[in-house]
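Here's the letter readout for the chains.
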Amino acid sequence: GTFRPTSDYNSTVNVILLRTGGPSASASSTTPSLLDRELVAEHIRSSNDDWFQRQNPMVTPTRETDIRAAFTRACQKRTHDDANRERVDPTSPTVSLPLAECYQVLFNDEERSYLTLDFFTQDWEAFCRTDNETTGSASDTQSSRLEG
């Protein structure tokens, strides 16, 4: 199974309702409830995780297997490509692929029509900034280190 968006895909939105009060609020209370933004953000994250990981995953086990095989082929090709021979250490357990090549491997033609390379690159750079802020590590925004 692969992600095949229907004609309704571009018309789909997530709707989030925020209500003050809740089950523990007193019906006679005149004190407004304060919104806990951290709890709201966590609820949205956990709801999205549940939907996209368990209820409606975009990456099925079959698609994951296909992606892993495609990355293996791309890494092997890069390792054995004469133009790259001087830049690739055959004894190294990792191979670096340019981000644009990773994009081509990760997404099929239909998926790429919804997520352009420019948007993918912006997402990658935002992820790397977040990763840097969280871990203090320097991420390479031009390539991805992949197990060979």
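Use the structure listed above.
In short, a report on the structure. The numbering scheme is per chain: residues are counted from 1 as the chain's sequence reads. Since the coordinates come from a predicted model, pLDDT governs what is reported: local features require at least 70, and pairs of side-chain atoms require 80 or more to be given and counted, while whole-chain, interface and lining totals use all residues. Calculation of side-chain values draws on the structure's entire complement of heavy atoms; hydrogens and water are dropped beforehand.

With that out of the way, let us pick up the packing of aromatic side chains. Between 30 and 60 degrees the pair is tilted, below 30 it is stacked and above 60 it is edge-to-face, where a pair is any two Phe, Tyr or Trp rings, Trp via its six-membered ring, whose centres lie within 6.5 Å. Tallied over the entire structure, the rule returns 4 aromatic pairs. Ring centres of Y103 and F107 lie 5.6 Å apart, and the angle between their planes is 55 degrees; on these two criteria the pair is classed as tilted. Residue classification places Y103 among the buried residues on the basis of a relative accessible area of 4%. With a centroid separation of 5.7 Å and an interplanar angle of 35 degrees, the aromatic rings of W124 and F127 are classed as tilted. Of this pair, W124 and F127 both sit in helix 5 (residues 117-135), separated by 3 residues, roughly a single helical turn. Buried residues are those whose accessible area, probed at 1.4 Å on protein chains only, stays under 20% of the maximum for their type, while exposed residues exceed 50% and partly exposed ones sit between those limits. Note on F127: relative accessible area 48%, which makes it partly exposed. Put simply, DSSP H or I for four residues or longer makes a helix, DSSP E for two residues or longer makes a strand, and each gets a number counted from the N terminus.

Under the 1.5 Å per step criterion, the end-to-end length of helix 1 (residues 37-55) is 25 Å for 19 residues, consistent within 8% with the ideal 27 Å. Between the side-chain oxygen at the start of helix 1 and the backbone nitrogen of E38 there is a gap of 3.1 Å, and the oxygen is on D36. Residue count minus one, scaled by 1.5 Å, sets the expected span of a helix. In the analysis that follows, any N or O atom pair within 3.5 Å is treated as a polar contact, provided that within protein one partner can donate a hydrogen and the other can accept it, and provided that, for residues neighboring in sequence, both atoms belong to side chains.

Defined by distance alone, a disulfide is two cysteine sulfur atoms within 2.5 Å. The tally for this structure, following the rule as stated, stands at 0 disulfides. The thiol sulfur of C75 is not disulfide-bonded, and the nearest other cysteine sulfur, from C102, lies at 7.8 Å.

We now examine the pattern of salt bridges. We define a salt bridge as a side-chain nitrogen of Lys or Arg found within 4 Å of a carboxyl oxygen belonging to Asp or Glu. Under the defined criterion, the tally for this structure stands at 6 salt bridges. Measuring nitrogen to oxygen at the nearest pair gives 3.1 Å for the salt bridge that ties E111 to R63. Highlighted residues: E111 in helix 4 (residues 109-114) and R63 in helix 2 (residues 61-80), separated in sequence by 48 residues. One exposure class covers both E111 and R63, and it is buried.

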